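A closer look at the structure
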Amino acid sequence: MMNSLKVAVFLTIKSIARGNVRVLVLTILMLILVYLNLLFTPALLDGAVETVNDKTINTMSGDVVVQPAGEVPVIGNVSELVSQIESLNGVSAACARNSLGADISYEGERATTVVYAIDPEQDQKVFRISQNIIEGSYLAPEDTDQILLGVQIAGSDQTNLALYSSSLKSVHAGDQVSVSYVGGVQKQYTVKGIFYTELTQGDLRAYITEKESLAMNPLMKDKASFIHVKTKDNVKLESVIEEIKGIRPGLKFQTWEDYGGFLRSMTDSFKQIIVILRANALIVAAITIFIVTYVDLVNKRRQIGIQRAIGITGAAIVLSYILRAIVYAIVGILAAALIFKYIVVPVEAQYPFHFPFGDVFLPVNIRYLTTSALILCGVTAISAFIPAFRMIRTKIIDAIWSS
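Below, the structure is looked at part by part. (Residues numbered from 1 in each chain as written. Predicted model: local features only at pLDDT ≥ 70, side-chain atom pairs only at ≥ 80, totals over all residues. Heavy atoms only, no water.)

All right, on to the packing of aromatic side chains then. Applying the stated criterion across every chain yields a total of 4 aromatic pairs. On the basis of an interplanar angle of 55° and a centroid distance of 5.7 Å, the ring pair of Phe 195 and Tyr 207 is categorised as tilted. With Phe 195 in strand 7 (residues 186-195) and Tyr 207 in strand 8 (residues 205-209), this pair connects stretches of sequence that are 12 residues apart. Of the two residues, Phe 195 and Tyr 207, neither departs from the other in class, the shared state being buried. Measuring from centroid to centroid gives 5.3 Å for Phe 385 and Phe 389, while their planes differ by 20°, and the two rings are stacked. Of this pair, Phe 385 and Phe 389 both sit in helix 12 (residues 366-392), 4 residues apart, which is roughly one turn of the helix. Among the aromatic residues, ring-to-ring pairing joins Tyr 116, Phe 195 and Tyr 207 into one connected group. Against the face of Tyr 116 rests Arg 97, its NZ or CZ located 5.6 Å from the ring centre. (Phe/Tyr/Trp six-rings, centres within 6.5 Å; stacked < 30°, edge-to-face > 60°. Helix = DSSP H or I, 4+ residues; strand = E, 2+ residues; numbered from the N terminus. Buried < 20%, exposed > 50% of the residue type's maximum accessible area, 1.4 Å probe, protein only. Lys NZ or Arg CZ within 6 Å of the ring centre and 35° of its normal.)

If you want it as structure tokens, here you go:
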């Protein structure tokens, strides 16, 4: 076995050194393109998934959503529970919200939405909505008779919005809107600010202060429809949920993935597309190496017959073609990885792709780079083995006397 390996290495070196330079360069260039294809489009879609997930967590759900269970529609003694949740080791912050269904109208236009009552200061610890204000300003804890609108509700004369036709169309900061709550309460609000997170579901919301909400319904004091929990990095959400259950039983929990609903189905579709694209790239690599190996074997059929006649084993010959294919793959992979990391990623970061839900950046995942490289090497090895193995099954005399 060791002798076969030594002979295979020798044959590989000689084959590469004496081979057609143009074929060698074109093969490596093809593998560079294949590996870049393995990295670029899937990385772009991975970046899109990361952007959607990040915005879901930081504008809509937090990492964990705590809800009342059973027939009781609200969580009681919520300030105490929020304080207890924030004291847990894996928790960074928590905030309570109340939700109220409402119709908002302005100059003959009407939009249906959910209005959330929040403590603005506490809410900022969990969510980044205050960082996405495009008109006016964010809510202050003492604000009354003021409302914060998502751009998909306000419209703000931005006709390119996905849901502009069903929005209020021309509402801007400082305008007055009429809000009719599900319970029958009607109020006039001054629009203090308009936010744009670029996540459509998040931009369909409106916010008022907890103080404003209690002025309409004092019975909701220290009660909430939801508690949103922001966890620290790399903390298992299941462990946080179990700890909260220990503090107060009888609650219902959702992770941000469960809360996402439609968004999760969209990101799952992206992941399926990624698998298809990766498979296509590997098929292209397999076909490339197979053709290059097959053509070389056909041209060297007589030479291979002579090699076998003088005692070089078939295993050594097959192994030499496998090693040559792997060398091609390694050179192509290293070149493509350097191009991807030091050219493609910096350029894309400077000029990012803009999806409907925001800018998308290419992540550099070392684990995926390594896995893709190993898979590509495996595919090239198999693609070289198949024609080489078939060739050595030819009788020596037939190989030598073949035209």
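For Thr 255, the position within the fold is in strand 10 (residues 251-255). A residue is classified by how much of its surface remains accessible, and Thr 255, at 11% relative accessible area, is buried. Aside from chain neighbours lying at most four places away, what touches Thr 255 is Asp 63, Leu 237 and Ile 241. (Contact = heavy atoms within 4.5 Å.)

The next subject is the packing of helix 2 (residues 21-61) against helix 12. Between helix 2 and helix 12, the least distance of the axes is 11 Å, while the angle of their chain directions is 140°. Taken together, helix 2 and helix 12 sit at an angle that is classed as oblique. In this structure, helix 2 meets helix 12 at a crossing whose hand is right-handed. Contacts from Leu 31, Val 34, Tyr 35, Leu 38, Leu 39 and Pro 42 of helix 2 reach helix 12 at Tyr 368, Leu 369, Ser 372, Ala 373, Leu 376 and Thr 380. (Axes fitted to C-alpha atoms, helices over the stretch in contact; angles between N-to-C directions. Parallel < 35°, antiparallel > 145°, perpendicular 65-115°, else oblique. Left-handed = near helix turned anticlockwise from the far one by under 90°.)

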